[in-house]
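A look at the structure
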Amino acid sequence: MKKNLIKFFITLLIIPAMFTACSKAKIITDDFDEAKKLAANSNKDILVIVTTDGDDLTSSEFISKVLNNSSFNSAVKDKYIVAHLDFSSSTYKKTVSTEDSSEKERQEANIYSEKVYRNSIFANALNVEATPAAYLVTKDPYVISTVNFDSMTPDYNDFISALAEASNQVGFYHEQLDIINKGTISEKIAAIDELINITEVVHLPFLADKVESLIQMDTQNESGLLYKYLVLHAKIKATDAMSSRDYEAAAGIFENLAQNKDLPLEEKQDAYYNAAYVLTFASNPDFNRIVSFLTAAIEVNPEGTATENLIEIRDSLLNSMEQAANAKNN
């Protein structure tokens, strides 16, 4: 394992130098912010690779068999800037200085720490569930596609094949972005809707600016899509609030959505339910407030298909609250 780790870091030092000599263009970086700049300057997309080298044997194997493969650079250099974001113990060690560290070493550790922190925010937004993982993103960055390769048994040819499959969506994705930039209002709205429909749910927050743009362009709901995007916008904002553990703010976002007088009844009911649901994540949930949101969800659409289930949930919660109160009094 140690041998592979040393080989990896030697390779990181050698590969950029080789590319500078041969093509005078850097294509691999461990800094996502730098990757965005390189992608913008070269008009390329970004291949994001997330690993935990040394802590995760499959990550180490992926680095050895794929990233360090002699054909890898030539296979990706024409289309992509590679952002290799590693979150292993060895990476985090570089962010720490000691009492014996020189001033220069401390400064280097601080700079590296800031880079890893920025990378971690982006990786967290990608919702990386396991490593190694790979994604195609634009310089903006919008997530074009997940690269679905066999991460349990990394293989160079398998990865390149999976990358080619993921790349099939790249052309269409950029066509829609061009329409959003240059098309008529109706064309822009249709293009945004196309991007939303082909984007994985976990990656929709990256398109928050497009969602907001559609809402602003279609205030009269001429497209028939306005309420879909009001709901999506609320979910994106609430997700952001929940990531900061501000569950009250998340509930308030859904409550405000439910109070939109033009929103369809089913969407109002769902918004009140979501307001109740996010409050359950609080360390000390306000059960009375949760019950009030569930009651609002029931009352706003009494004939809804979900209403009977909501009544059961609310009544079960009320029963539990009553039992807890009785136990406390006794």
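Described in the following lines is the structure provided in the data block. On a predicted model such as this, the values are computed, not experimentally measured, just so you know.

1. Digging into unusual backbone geometry
- Look at the link from Thr-131 to Pro-132: it is a cis peptide, with omega at 0°.
- Residue placement: Pro-132 occurs in the loop between helix 6 (103-126) and strand 4 (133-137).
- With an omega dihedral of 0°, the bond running from Asp-140 to Pro-141 counts as a cis peptide bond.
- Considering the arrangement of structural elements, one finds Pro-141 in the loop between strand 4 and strand 5 (143-146).
- Backbone geometry places Asn-127, a non-glycine residue, at a positive phi of 60°.
- With respect to the element layout, Asn-127 can be found in the loop between helix 6 and strand 4.
- A positive phi angle is found at Asn-221, which is not glycine, with a value near 55°.
- Within the secondary structure layout, Asn-221 lies in the loop between helix 10 (208-217) and helix 11 (226-243).

2. Some details on the side chain of Gln-269
- The residue Gln-269 is located in helix 13 (residues 265-279) in this model.
- We classify Gln-269 as buried; its relative accessible area is 5%.
- Not counting chain neighbours up to four residues away, the residues in contact with Gln-269 comprise Ala-297, Ile-298, Val-300, Asn-301, Ala-306, Thr-307 and Leu-310.

3. Topic: helix 14 (residues 287-300)
- Taking 1.5 Å as the rise per residue, helix 14 with 14 residues should run 20 Å; its terminal C-alpha atoms sit 20 Å apart, in good agreement.
- Those residues of helix 14 lying buried are Ile-290, Val-291, Phe-293, Leu-294, Thr-295, Ala-296, Ala-297 and Ile-298.
- Looking at the buried positions of helix 14, the neighbouring elements they touch are helix 12 (247-258), helix 13 and helix 15 (307-329).
- Structurally, the start of helix 14 carries an N-cap: the backbone nitrogen of Asn-288 is 3.3 Å from a side-chain oxygen of Asp-286.

4. Thoughts on the sheet that holds strand 3 (residues 80-86)
- The strand order 1-3-2-4-5 describes an open sheet built from 5 strands, whose pairing is mixed. The open sheet has two edge strands with one neighbour each: strand 1 (28-29) and strand 5.
- Judged from the 7 bridges that link them, strand 2 (residues 45-51) and strand 3 form a sheet pairing that is parallel. Paired with Ile-46 across the two strands is Ile-81, which belongs to strand 3.
- Helix 3 (residues 57-67) rests against strand 2 and strand 3 of the sheet, and its axis sits at about 140° to strand 2.
- Its contacts with the sheet place helix 7 (residues 156-167) against strand 2, strand 3, strand 4 and strand 5, and it is angled at close to 30° to strand 4.

5. Topic: the pairing of strand 2
- Across the 7 residues of strand 2, 7 count as buried, placing the element largely inside the fold.
- Relative to strand 4, strand 2 runs antiparallel, the two being bridged by 5 bridges. The partner of Ile-49 across the bridge, within strand 4, is Ala-134.

6. Quick notes on the environment of Ser-90
- Position of Ser-90 relative to the elements: it lies in helix 5 (residues 89-93).
- On a C-alpha basis, the gap between Ser-90 and Ala-134 in space is 20 Å, while along the polypeptide they are 44 residues apart.
- Side chain to side chain, Ser-90 and Ser-88 meet in a polar contact 2.8 Å long.

Cut-off values and rules
- Residues numbered from 1 in each chain as written.
- Predicted model: local features only at pLDDT ≥ 70, side-chain atom pairs only at ≥ 80, totals over all residues.
- Heavy atoms only, no water.
- Helix = DSSP H or I, 4+ residues; strand = E, 2+ residues; numbered from the N terminus.
- Buried < 20%, exposed > 50% of the residue type's maximum accessible area, 1.4 Å probe, protein only.
- Contact = heavy atoms within 4.5 Å.
- Expected span 1.5 Å × (residues − 1).
- Polar contact = N/O pair within 3.5 Å; in protein donor to acceptor, adjacent residues only side chain to side chain.
- Pairing = 2+ DSSP bridges.
- Axes fitted to C-alpha atoms, helices over the stretch in contact; angles between N-to-C directions.

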